[in-house]
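Residues per chain are reported as follows:
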Amino acid sequence: MIISKEARNSLEIDDVLRLMAKNARSDLGKNALASIEPAVDMDSLISRQNMLAAYLGFVESGGDFPWKDAVVPVADVLEEARHTGLMLGEELLKVKTLLALATEVRERAARAREKFPPLGWFYTTIREFSDELKALSVLNSDGTLADGASALLRELREELTARRADARRIGNGFLSGPHSSMLQERVLSLRGGRYAVLVKQSCVNRFPGIVTDKSASGNSVYMEPHALVAGNNRIAALLEQQRQEERRIYGELTRSVLARASAISEAENALARLDVFFCMDVLMTRDKWRLPELVQKSEFCFYGVRHPLIGESAVPIDVYCGRDFRALVVTGPNTGGKTVALKTSAVALFLAWCGLPVPAADGSSVGWLSSIHADIGDEQSIEQSLSTFSSHLKRIVAMLNEADSRSLVLLDELGAGTDPQEGAALGIAVLQEFLRRGTMVLATTHHNPIKRFATTTPRVEAACVDFDMKTLSPTYHLLVGIPGQSNALAIAKRYGMPARILDEAEKTLNSDELNVERLIGQLQEKRVAVEKLSRELAAEKQRLAEQRRKLDEKQSVSEQKRDEMLLKAERQSRQVLDEAEARARSLLKSLEGAAKSAGHREMAKQKEKIDRTRDKLTAQQTKIEARKQAPVEPQLAVGSSVKMRDSAVKGEIVSIDGKNAEVQAGAMRLTVPLKNLVLTAPAKQLKSSEEIAIVRRPENVPSSIMIRGMLADEALPLVERYLDQSMRAGYSEVSVIHGHGEGILRKLVHQLCKKLPYVADFRLGEHGEGGWGVTIVKFR
């Protein structure tokens, strides 16, 4: 998408980008935003949005990219070094800081790209810089070279330290020696890199030394004692050698950096994009900006869009064009917001085509756009002999030469600056020409002929900015579908125009034009009333929905508490029955003869009652669990078409793991919290109820059962009931521990498994699982 220079200036795009850049963390992000250009085509735009969406998803999942506040752009430093061949410590330190951060970002991207593939761009764009970082490690935190930068530098600095110590020792001797009375101050000073003392003016000729400087007062002079000359000379020589060695090292480092200049520039661009993403995350989180949905047709639709430069005081508007009509003509009074509506739409389109979020609400969409052209404002020029009308014509002619079927043209005050009748006729002809080309047009006008054209011509729609006749002030709301009044006389009255003049003006108006204005006014009042009623109904609907949600939550909590109480009672009842049955078995074992036989008969009779009671408890438990298992919102499932909240990214759920889902969005596979997904289409319908199973594991169902030592008639019912419960609990396999013995229980368990329809397979345990003393049962 291309935006003309005139359009960029009149839309104040650079001011908008500077405002957005205030959220950036460095000049990298600010410079990147200042120079950003729209995507060249829809594929490129999709790629930009996908990468930003991946970054937002990564951050939403708890991830974060490293950052250093000290990082700064190095492109200018590298360019200058190409000419000078030398970068000094501070400049090399900037490169080191940037490469260190880039390396950390690359490592983080390598881990993030598995779940967020578009972030792999950072890994592939940022190259390996380990050799350069190792070479630059000789720099201290202030940009100076460490002593270990070279063996020679270490030797020079060690000797320099020793020579300075010798010079200080000799100089301190003068401070307390026989010549100390000649000193102005008993302080050893360093002047021009050489040690000296401050001598009284009257003692200059008698002091054994050389004058090197004069004090600020002129009452004393700095003199270098003869005893220090040799030491100072050696220090000066060592300093020069150190400077040459440091320059040599800086030169080598510069050459190694320049050899990777292209890769370093790419790394800088990657970090700049990362800072832009951070900036966009701030706008979307703090200011509720949104990524618009992308559509293939040449159209756009913005809900609640605001102009960024107006700030919080901006009145959100709904504006759209391209789908049902190709031209939108906005009318209404001056200072009513017509031009702002045009600028707001165009700015939002520019940002969207840069792959950035826009200050609009969810559901906004943007389609194909090849270029934006604008004729906004008055560009009179005395030097170029251009009047207001001439400047408008010049820009419109340029648009006619450049606009195509996917262009957007902004025409402010169409037909103004000349005779109203001729201006209106020319304006209508210009609109017709753009309609023939299929160009999208947003225009403003005061001319009634153009208003009538907008209301009666196919593929053209009228709109107006609302005006409160009671307060005689604009509300800045945009109403699509109805033309607006200019309200010139009403505004003149507001500013104190005498009533006599207003009466004369109204008499001068053509009666037909006056009737049209009044009719438009009545329609506008009715439209405003309908809009107000719609907003009130929407608010009431939202309030009722919120109340319904709270009531559902309360009911759900109450039902959950009731079910928990019932389950608790059921567990206690089951425990009492189990204990009673265990005591009865124990008593039977202690009986003998006829008493034992009678006891078995009574036990069998009571066991039937106990089993019936158990079955009732199990049915009650199953019913309660079924209620608990029923999803409140079953829409999200594997195969569901979804959209990420606060994003234009759409995709399909390929798997669900707890509270997260994997979403396939084009080439991306993203891990997104379920709470951040919105259903956009009905979930795929399964072929039969057997293809889905919602399970909730009942409490206190173990993964194995022990029947070793039991009689067959008491063991088998326990095993059957256990297998039924463990299957419903969601186990894939369980263990039945029957022991080795004579194999009677093992054979009976195997016969039972063959009869149960929900058992897929069974086998004896392997070494480490209990061997032949255990049967492993697998469920379907």
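Residues numbered from 1 in each chain as written. Predicted model: local features only at pLDDT ≥ 70, side-chain atom pairs only at ≥ 80, totals over all residues. Heavy atoms only, no water.

### Observations regarding the overall build of the protein
Thinking step 1. Scanning the protein for helices and strands turns up 21 helices and 24 strands.
Thinking step 2. When burial is assessed residue by residue, the protein has 44% of its 780 residues classed as buried.
Thinking step 3. Restricting to contacts in the protein with at least 6 residues of sequence separation, those with at least 24 account for 67%.
Thinking step 4. Counting only carbon and sulfur atoms, one obtains 52% of the accessible surface of the protein, whose full area is about 41,800 Å². (Helix = DSSP H or I, 4+ residues; strand = E, 2+ residues; numbered from the N terminus. Buried < 20%, exposed > 50% of the residue type's maximum accessible area, 1.4 Å probe, protein only. Contact = heavy atoms within 4.5 Å. Areas by Shrake-Rupley, 256 points an atom, 1.4 Å probe, with all protein chains shown as cover.)

### What about the nonpolar core?
Thinking step 1. In this structure, L11, M20, F302 and L351 are the most contacted members of the largest nonpolar core, which totals 106 residues.
Thinking step 2. Counting residues per element, this core draws most heavily on helix α11 (residues 261-286), at 13 residues.
Thinking step 3. With residues up to four places along the chain from it excluded, the contact list for L351 reads V16, L17, M20, W289, L356, P357, V358 and P359. (Core = buried A, V, L, I, M, F, W, Y, C linked by side-chain atoms within 4.5 Å.)

### Details of the packing of aromatic side chains
Thinking step 1. Applying the stated criterion across every chain, the model contains 12 aromatic pairs.
Thinking step 2. Between F122 and F277, the aromatic rings sit 6.3 Å apart at their centres with planes inclined by 85°, giving edge-to-face as the arrangement. Separated by 155 residues along the polypeptide, F122 in helix α7 (residues 120-125) and F277 in helix α11 bring together distant segments of the chain. Here F122 and F277 have matching classes, each one buried.
Thinking step 3. Pairwise contacts between aromatic rings join Y55, F58, F65, F116, W121, F122 and F277 into one cluster.
Thinking step 4. Sitting over the ring of Y222, R191 keeps its end group 4.1 Å from the ring centre. (Phe/Tyr/Trp six-rings, centres within 6.5 Å; stacked < 30°, edge-to-face > 60°. Lys NZ or Arg CZ within 6 Å of the ring centre and 35° of its normal.)

### Digging into the side chain of T775
Thinking step 1. Turning to its location among the elements, T775 is positioned in strand β24 (residues 774-779).
Thinking step 2. Engagement of the side chain of T775 in a polar contact is seen with the side chain of H738, the distance being 2.7 Å.
Thinking step 3. Side chain to side chain, T775 and H750 meet in a polar contact 2.9 Å long.
Thinking step 4. Residues contacting T775, with those up to four places away along its chain left out, are V734, S735, V736, H738, R746, V749, H750, F762, R763 and L764. (Polar contact = N/O pair within 3.5 Å; in protein donor to acceptor, adjacent residues only side chain to side chain.)

### So, the sheet that holds strand β4 (residues 209-214)
Strands belonging to one sheet form pairs held by backbone hydrogen bonds; the direction of such a pair is parallel or antiparallel.
Thinking step 1. Ordered in space as β2-β3-β5-β4, the 4 strands form an open sheet in which the pairing is antiparallel. Single-partner strands in this sheet number two, and they are β2 (183-191) and β4. For this sheet, the mean inter-axis angle between neighbouring strands, taken without regard to orientation, is 35°.
Thinking step 2. The sheet contacts of helix α9 (residues 151-176) involve β2, β3 (194-200) and β5 (220-225), and relative to β2 the element is tilted by about 165°.
Thinking step 3. Packed onto the sheet, helix α10 (residues 226-258) meets β2, β3, β4 and β5 and runs at close to 75° relative to β5. (Pairing = 2+ DSSP bridges. Axes fitted to C-alpha atoms, helices over the stretch in contact; angles between N-to-C directions.)

### Observations concerning the confidence of the model for the protein
Thinking step 1. Averaged over the protein, the pLDDT score is 82; the fraction of residues at 70 or greater is 81%.
Thinking step 2. When pLDDT is averaged over each element of the protein, α11 comes out on top at 96 and helix α19 (residues 593-629) at the bottom at 64.
Thinking step 3. Predicted confidence is poor over residues 380-386, with pLDDT under 50, and the contacts of this stretch with residues over four places away or in other chains come to 7 contacts.
Thinking step 4. Here residues 682-699 scores under 50 on pLDDT; set against residues more than four positions off or in separate chains, the count is 22 contacts. (pLDDT = per-residue confidence, 0-100.)

### Quick notes on the packing of helix α3 (residues 27-34) against α11
Each pair of packed helices can be summarised by the angle the axes make with each other and by the distance between the axes.
Thinking step 1. Contact geometry of α3 with α11 gives a least axis separation of 8 Å together with a crossing angle of 85°. The angle between the axes of α3 and α11 places the two elements in the roughly perpendicular class. Seen from α3, the contacting residues are L28, G29, A32 and L33; seen from α11, they are E268, L271, A272, D275, V276, C279 and M280.
Thinking step 2. By residue class, the composition of the contact of α3 with α11 is 8 nonpolar, 1 polar and 2 charged. (Parallel < 35°, antiparallel > 145°, perpendicular 65-115°, else oblique. Nonpolar A, V, L, I, M, F, W, Y, C, P; charged D, E, K, R; others polar.)

### Quick word on α11
Thinking step 1. For α11, with 26 residues, the first-to-last C-alpha span of 37 Å sits near the 38 Å given by 1.5 Å per residue.
Thinking step 2. K288, located one to two residues past α11, shows a positive phi value of around 65°. (Expected span 1.5 Å × (residues − 1).)

### Some words on the environment of Y123
Thinking step 1. If you trace the backbone, Y123 turns up in helix α7.
Thinking step 2. Relative accessible area serves as the criterion here: at 23%, Y123 is assigned to the partly exposed category.
Thinking step 3. A C-alpha to C-alpha distance of 9.5 Å links Y123 and A270, two positions 147 residues apart in sequence.
Thinking step 4. Beyond its immediate sequence surroundings of up to four residues, Y123 is in contact with R106, A109, A110 and R113.

### Some points on the sheet that holds strand β6 (residues 293-294)
Thinking step 1. Sheet architecture is open: 4 strands sit in the order β6-β10-β7-β8, paired in mixed fashion. Every other strand in the sheet has two partners, leaving β6 and β8 (317-321) as the edge strands with one partner each.
Thinking step 2. With 4 bridges joining them, strand β7 (residues 300-305) and β8 adopt antiparallel strand pairing. The residue of β8 that forms the bridge with F302 is V319.
Thinking step 3. Of the strands in this sheet, β7, β8 and β10 (365-366) are in contact with helix α12 (residues 338-353), which crosses β7 at around 110°.

### Side note on the pattern of salt bridges
Pairing of side chains with opposite charge becomes possible as their charged atoms draw close.
Thinking step 1. Inspection of every chain in the model, using the stated rule, returns 25 salt bridges.
Thinking step 2. Residues R157 and E246 are paired through a salt bridge, measuring 2.7 Å at the closest nitrogen-oxygen approach. You can see R157 sitting in helix α9 and its partner E246 sitting in helix α10, a full 89 residues away along the chain.
Thinking step 3. Here E246 falls in the buried class, since its relative accessible area comes to 18%.
Thinking step 4. A salt bridge links E252 to R248, with the nearest nitrogen and oxygen atoms 2.6 Å apart. Taken together, the positions of E252 and R248, both in helix α10 and 4 residues apart, correspond to about one turn of that helix. (Salt bridge = Lys/Arg side-chain N within 4 Å of Asp/Glu carboxyl O.)

### Describing the side chain of R106
Thinking step 1. Structurally, the position occupied by R106 is in helix α6 (residues 89-112).
Thinking step 2. Looking at R106, the relative accessible area reads 18%, which means it is buried.
Thinking step 3. From its side chain, R106 meets the backbone oxygen of Y123 in a polar contact 3.2 Å long.
Thinking step 4. Those residues within four positions of R106 in sequence are excluded, and the remaining contacts are Y123, I126, R127 and E128.

### Things to note about unusual backbone geometry
Thinking step 1. Of note, the phi angle at E413 is positive, near 55°, even though the residue is not glycine.
Thinking step 2. By the element assignment, E413 lies in the loop between β12 (407-411) and α14 (420-437).
Thinking step 3. A positive phi angle, close to 65°, is found at R459, a residue other than glycine.
Thinking step 4. Judged by its relative accessible area of 42%, R459 falls in the partly exposed class.

### Considerations on helix α21 (residues 744-755)
Thinking step 1. With 12 residues, α21 ought to run about 16 Å at 1.5 Å a step, and its terminal C-alpha atoms sit 17 Å apart, in line with that.
Thinking step 2. If you check which residues of α21 are buried, you get L745, R746, V749, H750, L752 and C753. Within α21, the buried residues cover an arc of 160° as seen down the axis, which keeps them to one side. Turned more than 90 degrees away from the buried face of α21, the exposed residues are K747, K754 and K755. (Arc of directions from axis to C-beta.)

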